[in-house]
Amino acid sequence: MGDYLWVRQISVSPSLFSTNAADVVTPGGSSVYVALQIGYYLGIRKWYMYGADFSFSFSPPRHGSSAFRSATGDGNHFISNYRSGRAWCPPSIENILPSFYNARLAMEMDGGFIRNATRGGNLHVFDRVDFEVALSETNSQESAREPSLKYPDAVK
């Protein structure tokens, strides 16, 4: 009924890394974590993260307020004034870090990796790689691939 797909999400603690996103994913406190699970399901095992500095600056929620959409402050996004002063849900670092570690282990157990190519920042759960090296490695992997696949006669 539209140009979108529903992804079933269950919230468990600690977050589990789903290898079958067609069945379910877990949020892990981060949309990036969900994307890693979907990518894994699609066969992606080698990841370079860029722009994930894991540094957050915000005013904490007021005592007694709901944690959801209760933080204020801008400057945490690559688009200036992204939130326009509106309240937002503060990051759950105590949930995100172990979730990212689970993703790292899942990729490594399957011969892949997640590397952090962000310049600076505080995300240290993934091995660091210089941005230029990540680009070079990506370009060399692209050029090493076979030329475009030819369709079998049955598919033509």
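Notes on the structure in this doc start here. (Residues numbered from 1 in each chain as written. Predicted model: local features only at pLDDT ≥ 70, side-chain atom pairs only at ≥ 80, totals over all residues. Heavy atoms only, no water.)

1. Digging into the overall build of the chain
Logical step 1: When you go through the chain residue by residue, the secondary structure sums to three helices and three strands.
Logical step 2: When contacts within the chain are restricted to residue pairs at least 6 apart in sequence, long-range pairs at least 24 apart make up 44% of them. (Helix = DSSP H or I, 4+ residues; strand = E, 2+ residues; numbered from the N terminus. Contact = heavy atoms within 4.5 Å.)

2. Here we look at the packing of helix α1 (residues 31-41) against helix α2 (residues 93-109)
Logical step 1: Between α1 and α2, the least distance of the axes is 10 Å, while the angle of their chain directions is 20°. In terms of orientation, α1 and α2 fall into the roughly parallel class. You can see that α1 and α2 cross each other, and the crossing is left-handed. Here α1 contributes V32, Y33, L36 and Y40 to the contact with α2, which in turn contributes S99, F100, N102, A103, A106 and M107.
Logical step 2: In the contact of α1 with α2, the residues fall into eight nonpolar, two polar and no charged. (Axes fitted to C-alpha atoms, helices over the stretch in contact; angles between N-to-C directions. Parallel < 35°, antiparallel > 145°, perpendicular 65-115°, else oblique. Left-handed = near helix turned anticlockwise from the far one by under 90°. Nonpolar A, V, L, I, M, F, W, Y, C, P; charged D, E, K, R; others polar.)

3. Topic: a nonpolar patch on the surface
Logical step 1: On the surface, Y41, L42 and I44 cluster together to form a nonpolar patch covering roughly 300 Å² of accessible area.
Logical step 2: Along the chain, L42 falls in the loop between α1 and β1 (46-49).
Logical step 3: Residue classification places L42 among the exposed residues on the basis of a relative accessible area of 62%. (Patch = residues over 30% accessible without salt bridge, like charges linked within 9 Å, V, L, I, M, F, W, Y side chains within 5 Å. Areas by Shrake-Rupley, 256 points an atom, 1.4 Å probe, with all protein chains shown as cover. Salt bridge = Lys/Arg side-chain N within 4 Å of Asp/Glu carboxyl O. Buried < 20%, exposed > 50% of the residue type's maximum accessible area, 1.4 Å probe, protein only.)

4. So, α1
Logical step 1: Of all the residues in α1, the buried ones are Y33, V34, L36, Q37, G39 and Y40.
Logical step 2: N-cap assignment for α1: the residue whose side-chain oxygen lies 3.1 Å from the backbone N of V32 is S30.
Logical step 3: G43 lies just past α1 and shows a positive phi near 100°. (Polar contact = N/O pair within 3.5 Å; in protein donor to acceptor, adjacent residues only side chain to side chain.)

5. Digging into the pattern of salt bridges
Logical step 1: Per the counting criterion, the structure on display carries five salt bridges.
Logical step 2: For the salt bridge of D110 with R45, the shortest nitrogen-to-oxygen distance reads 2.6 Å. Remark: R45 occurs in the loop between α1 and β1 and D110 occurs in the loop between α2 and β2 (113-116); sequence separation between them is 65 residues.
Logical step 3: Given the relative accessible area of 37%, D110 is considered partly exposed.
Logical step 4: Note that R104 is salt-bridged to D127, the shortest N-O span being 3.3 Å. Here R104, found in helix α2, pairs with D127, found in strand β3 (residues 127-128); they are 23 residues apart in sequence, far enough to count as distant.

6. Quick look at the packing of aromatic side chains
Logical step 1: Overall, the coordinates contain six aromatic pairs when judged by the stated rule.
Logical step 2: Ring geometry for F17 versus Y40: centroids 5.6 Å apart, planes at 90°, classification edge-to-face. Here F17, found in the segment before α1, pairs with Y40, found in helix α1; they are 23 residues apart in sequence, far enough to count as distant. In this structure, F17 and Y40 share a single accessibility class: buried.
Logical step 3: Considering the side-chain rings of Y50 and F131, the 4.5 Å spacing of their centres and the 45° angle between planes classify their relative orientation as tilted. Of the two residues, Y50 is situated in the loop between β1 and α2 and F131 in helix α3 (residues 131-144); the sequence distance between them amounts to 81 residues.
Logical step 4: Among the residues examined, Y50 registers a relative accessible area of 48% and is labelled partly exposed. (Phe/Tyr/Trp six-rings, centres within 6.5 Å; stacked < 30°, edge-to-face > 60°.)

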